Amino acid sequence: MNKTVGMILCGGFGKRLRPITETIPKPLVELKEDYTILDKQIFDFKSAGIDKVILLTGFLGEKIEERYHDNYMGVEVEYVKEDQPLGTLNAIRLGMEQLEDDVQCVIRNGDVVADLNIKKMVEDGEKSPFDVTIFITQMTSPYGIVDLSGANIVSFKEKPLLDYYINGGIYFCKGKIDFGSYKTGDIEKTIFPELAKDKKLGYYKENGLFWMAVDTSKELEQVQKEYASREDKPWGYEKVLIYTDKYLTKELFLKEGYQTSYHYHENKDETMYIVSGKGYIKFEDTNEYFGKKDTIRIEPGRVHSIVATENTILHEVSTPHLDDTIRVKDYYSSKTPSGDR
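This write-up is about the structure you can find in this document. (Residues numbered from 1 in each chain as written. Predicted model: local features only at pLDDT ≥ 70, side-chain atom pairs only at ≥ 80, totals over all residues. Heavy atoms only, no water.)

### What to know about the pattern of salt bridges
Between side chains of opposite charge, a pair can form as their charged atoms come close.
Working step 1: Following the criterion strictly, the structure yields 25 salt bridges and no others.
Working step 2: If you follow the salt bridges from partner to partner, you end up with Lys40, Asp44, Arg108, Asp115, Glu226, Arg230, Asp232, Lys239 and Glu251 in one network. (Salt bridge = Lys/Arg side-chain N within 4 Å of Asp/Glu carboxyl O.)

Here is the structure:
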């Protein structure tokens, strides 16, 4: 397996997010206090085992350098600045000039917030016959739709998922792209259509993920609402759904192939309800396998780790001990700014 480098497009003006983006670049917009879109993206690369990221900067690029310098959470950070905005193709071309010949890369748009399993995308992309793979995601209707039967409206559906996929703004490249005669413009409108026409463009998809391109104030409001009670983890995320003086309910999302730390709770008595996915809970003396709709109780003091063999969502209902986690063994070299389970 070749070394993989991350590359993030950070040079846009973010015009539709003004006045916020008049003084900060769009990738530095906060999802929650002191946690930016770019923080999450670099952390996602780190969690996927990618330890070097090239930031393709432009407008207000100095603000990005001031925040990340040459290292963020153990990830080496380099910068390639586009002095004049000439589209995503030119920015990516300049970035690829910094790559060695045997290095592959994952390129992402700097305004996309997604729970994508980057490690699996790279693994699948390496096995595919295509040099370039695009992450695609199912399209959500921007409007509510109506179902018709004859002359009647029979039902309403509020912004459903449609039977169409869109470009998710994340790309895997096995090596450098041949840009041909193209010097400027957007790669999505130049190189990619040509690769698709020649049947040289692959895709990677994961359905049911949180995905949001933060392009307008409405989308920013939606993603900040998602993060109001959520903490990203190396293995996925943890979100508080209900917290009272009697009980606590959390939603945990684990990416396929990932696991929580090996840990226990001194006081918390918890029950896991498996909403979707498959995996097992690793105890000291056994593994207890689970699937959709299964229920598993974990008593205080019992050391365990939750392992996902598919993307998994579970609801953890417990006694109200929010921070009662004692880690015995960590499986990741860095934690989120708020820590790890």
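### Comments concerning the layout of surface pockets
Working step 1: One number sums up the size of the largest pocket: a volume of about 1,200 Å³.
Working step 2: The wall of the largest pocket is formed by 37 residues, among which Thr140, Trp211, Met212, Ala213 and Glu219 lie closest to the centre.
Working step 3: Mapped onto the lining of the largest pocket, the elements with two or more residues apiece are strand E9 (132-140), strand E12 (161-173), strand E14 (211-213), helix H6 (217-226) and strand E16 (236-243).
Working step 4: Residue contributions to the lining of the largest pocket peak at six residues, all from E12.
Working step 5: Residue composition of the lining of the largest pocket, by class: 14 nonpolar, 12 polar and 11 charged. (1 Å grid on protein atoms, 1.4 Å probe; cavity = no way out; pocket = protein on both sides within 12 Å on 5 of 7 lines; lining within 4 Å. Points joined across faces, edges and corners; volume = space filled by probe spheres on them. Helix = DSSP H or I, 4+ residues; strand = E, 2+ residues; numbered from the N terminus. Nonpolar A, V, L, I, M, F, W, Y, C, P; charged D, E, K, R; others polar.)

### Notes on helix H2 (residues 61-68)
Working step 1: Residues of H2 that are buried include every one of Gly61, Ile64 and Tyr68, and no others. Down the axis of H2, the sector holding all buried residues measures 55 degrees, keeping them to one side.
Working step 2: For H2, the secondary structure elements touched by its buried residues are strand E1 (4-10), strand E3 (35-36), helix H1 (37-47), strand E4 (52-57), strand E5 (71-72) and strand E6 (75-81).
Working step 3: One or two residues past the end of H2 sits histidine 69, with phi positive at roughly 50 degrees. (Buried < 20%, exposed > 50% of the residue type's maximum accessible area, 1.4 Å probe, protein only. Arc of directions from axis to C-beta. Contact = heavy atoms within 4.5 Å.)

### Here's the deal with the side chain of glutamate 226
Working step 1: Residue placement: glutamate 226 occurs in helix H6.
Working step 2: Take glutamate 226: its relative accessible area is 14%, and that puts it in the buried class.
Working step 3: Discounting chain neighbours no more than four positions away, the residues touching glutamate 226 are Phe210 and Lys239.

### Side note on the environment of methionine 121
Working step 1: Along the polypeptide, methionine 121 turns up in helix H4 (residues 118-127).
Working step 2: The spatial distance from the C-alpha of methionine 121 to the C-alpha of valine 106 is 9.1 Å, given a sequence separation of 15 residues.
Working step 3: Once residues within four sequence positions are removed from consideration, methionine 121 is found in contact with Leu116, Thr133, Ile134, Phe135, Ile170, Tyr171, Phe172 and Tyr204.

### Describing unusual backbone geometry
Working step 1: Of note, histidine 69 is a non-glycine position whose phi angle comes to about 50 degrees, a positive value.
Working step 2: By the element assignment, histidine 69 lies in the loop between H2 and E5.
Working step 3: Here methionine 73, not a glycine, exhibits a phi torsion of approximately 55 degrees, which is positive.
Working step 4: Position of methionine 73 relative to the elements: it lies in the loop between E5 and E6.

### A closer look at the sheet that holds strand E15 (residues 230-233)
Working step 1: Spatially, six strands are ordered E15-E16-E17-E24-E19-E22 in an open sheet, and the strand pairing comes out antiparallel. The sheet is open, and its two edges are formed by E15 and strand E22 (295-298), each paired on a single side. Strand after strand, the sheet turns through a mean of 25 degrees between neighbouring axes, direction not considered.
Working step 2: Summarising the sheet, strand E19 (residues 270-276) and strand E24 (residues 312-318) pair through six bridges and their orientation is antiparallel. When the bridges of E24 are listed, threonine 271 appears paired with valine 317. (Pairing = 2+ DSSP bridges. Axes fitted to C-alpha atoms, helices over the stretch in contact; angles between N-to-C directions.)

### A few points about empty space enclosed by the protein
Working step 1: By the definition in use, this model includes one cavity of 30 Å³ or more.
Working step 2: Put simply, the largest cavity is a space of about 30 Å³.
Working step 3: Taken together, Lys40, Asp44, Ala114, Asp115, Lys233, Gly236, Phe253 and Lys255 make up the full set of residues lining the largest cavity.
Working step 4: For the lining of the largest cavity, the per-class residue count stands at two nonpolar, one polar and five charged.

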